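# Fold and geometry: a report
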Amino acid sequence: MIIRDFGARHARKALAAPLRQACLRALSTQPTPTGVADLTEPTMQSPNAQVQPPSIFTASARTPARRKKPVAPDTTVEDYRMAQELRHQIGRVGSRVEKTYRPADVFLNPPGPKDVTLELLMASQAHMGHHASLWNPANARYIYGIRQGIHVISLEETAAHLRRAARVVEEVAYRGGLILFVGTRPGQTQIVTQAARLARACHLFTKWTPGLITNSEVILAGMPMQMLDEHDEPIQGFERHLMERRPLVPDLVVCLNPMENYVMLHECALVNVPTIGVIDTNAEPTWVTYAIPANDDSLRCLAVIGSVLGRAGEAGHKRRMDDARKGVVEWKTPLDVARFMEIQSWSRTDASEVVPSGDTSEVVPSDETTFF
């Protein structure tokens, strides 16, 4: 009866194993002799039985043996001697690495118009334009293509326009013209001063004062001036003329950043002063007379352009000095200066006729006939 009731209550589990083994496993207080424990059925244990901890926490647990590293012999001395012998044998074999670019080279040895190459312009980043969304359609003839959304300026156009501008600067300097280099961005001070020093010209690296050209009689009144001959030597006797004449206006203006000097370029256009400007892809090429398509944000590019134009002015000045020593003068005396010299010659003639032939007294001329 007991066995029948047990089988009825545990019929589902009793059918999975022999009935005798199931009964012994359920009623026994000792662990089953089999190696596999029945996890689906709870076992009956004595209340005095102690739970055995896992074997990994017992002192008798066997720790895994660590593999010992093989002891390698010390070959430091042999390796050092071998390295010294190898260096002695092949130490001089190979190439020598030298610095090909130094930022001060463009100022210590400025390139000239004959040194303009595509490699030089590429190294100076003259081909980098602005984003395609900022371009000026008037510069389409100067653009080579687009790469990653950035316009690439054609270096062939840059080289051709740079040589043309250098020719203009050389001819203006050869004929004794006054050249003005303008660069008002930070970092352009040394560039414009270097170019002006080479071309014997003037420079401006501060903000342009509006009216310096169109209203020069008021703004530049009282500025010192001097008269020079064909050998660039000062001439005495023109002090009165220099005090009465208008201030000088440049014969050529070279602007490195036309975007910030639109007022100056507009004043030059009003009085017909030719201009040379570095035009980027976002600038207006009609603002200047002679455009140079290049990157106006790269100081290295502007240094190359300023050095080339400065060398061109230096070449024109040298040609003029050489011709002056031979007695050849290509430029003409300004009309106001020629008129003043003519009046002074008439004054000297009239003063000499007033003095009698036998009178040796000193003649004191009036203010209108002052000798210079």
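Coordinates for the structure precede this section.
Model, not experiment: these values are computed from the prediction.

### Concerning the layout of surface pockets
Here the largest pocket is characterised by a volume of approximately 1200 Å³. For the largest pocket, the lining is made up of 35 residues, of which Gly176, Leu178, Gln226, Leu248 and Pro334 are closest to its centre. Where the lining of the largest pocket is concerned, the elements lending two or more residues are helix 12 (299-325) and helix 13 (335-354). Considering only residue class, the lining of the largest pocket consists of 20 nonpolar, 5 polar and 10 charged. Empty space within the second largest pocket amounts to approximately 610 Å³. Along its surface, the second largest pocket is lined by 19 residues, and Leu178, Leu220, Met223, Pro247 and Leu248 are the ones closest to its centre. Of all the secondary-structure elements, those providing two or more residues to the lining of the second largest pocket are strand 5 (202-204) and helix 10 (239-244). Within the lining of the second largest pocket, the residues separate by chemical class into 17 nonpolar, 1 polar and 1 charged.

### Let's talk about the packing of helix 8 (residues 189-199) against helix 12
The angle between the axes and the distance between the axes are what describe a pair of packed helices. Across the interface, helix 8 lies against helix 12 with an axial gap of 7 Å and an inter-helix angle of 10°. Taken together, the axes of helix 8 and helix 12 lie roughly parallel to each other. In the packing of helix 8 onto helix 12, the handedness of the crossing is right-handed. Counting all contacts with helix 8, which are made through Ile191, Ala195, Leu198 and Ala199, the residues of helix 12 involved are Leu299, Leu302, Ala303, Gly306, Ser307, Gly310, Arg311, Gly313 and Glu314.

### Focus: the pattern of salt bridges
The full count for this structure, using the stated rule, is 13 salt bridges. Residues Arg175 and Glu171 are paired through a salt bridge, measuring 2.5 Å at the closest nitrogen-oxygen approach. A relative accessible area of 18% places Glu171 in the buried class. In this structure, Arg185 and Glu260 form a salt bridge, with 3.1 Å as the shortest nitrogen-oxygen distance.

Criteria and thresholds
Residues numbered from 1 in each chain as written. Predicted model: local features only at pLDDT ≥ 70, side-chain atom pairs only at ≥ 80, totals over all residues. Heavy atoms only, no water. 1 Å grid on protein atoms, 1.4 Å probe; cavity = no way out; pocket = protein on both sides within 12 Å on 5 of 7 lines; lining within 4 Å. Points joined across faces, edges and corners; volume = space filled by probe spheres on them. Helix = DSSP H or I, 4+ residues; strand = E, 2+ residues; numbered from the N terminus. Nonpolar A, V, L, I, M, F, W, Y, C, P; charged D, E, K, R; others polar. Axes fitted to C-alpha atoms, helices over the stretch in contact; angles between N-to-C directions. Parallel < 35°, antiparallel > 145°, perpendicular 65-115°, else oblique. Left-handed = near helix turned anticlockwise from the far one by under 90°. Contact = heavy atoms within 4.5 Å. Salt bridge = Lys/Arg side-chain N within 4 Å of Asp/Glu carboxyl O. Buried < 20%, exposed > 50% of the residue type's maximum accessible area, 1.4 Å probe, protein only.

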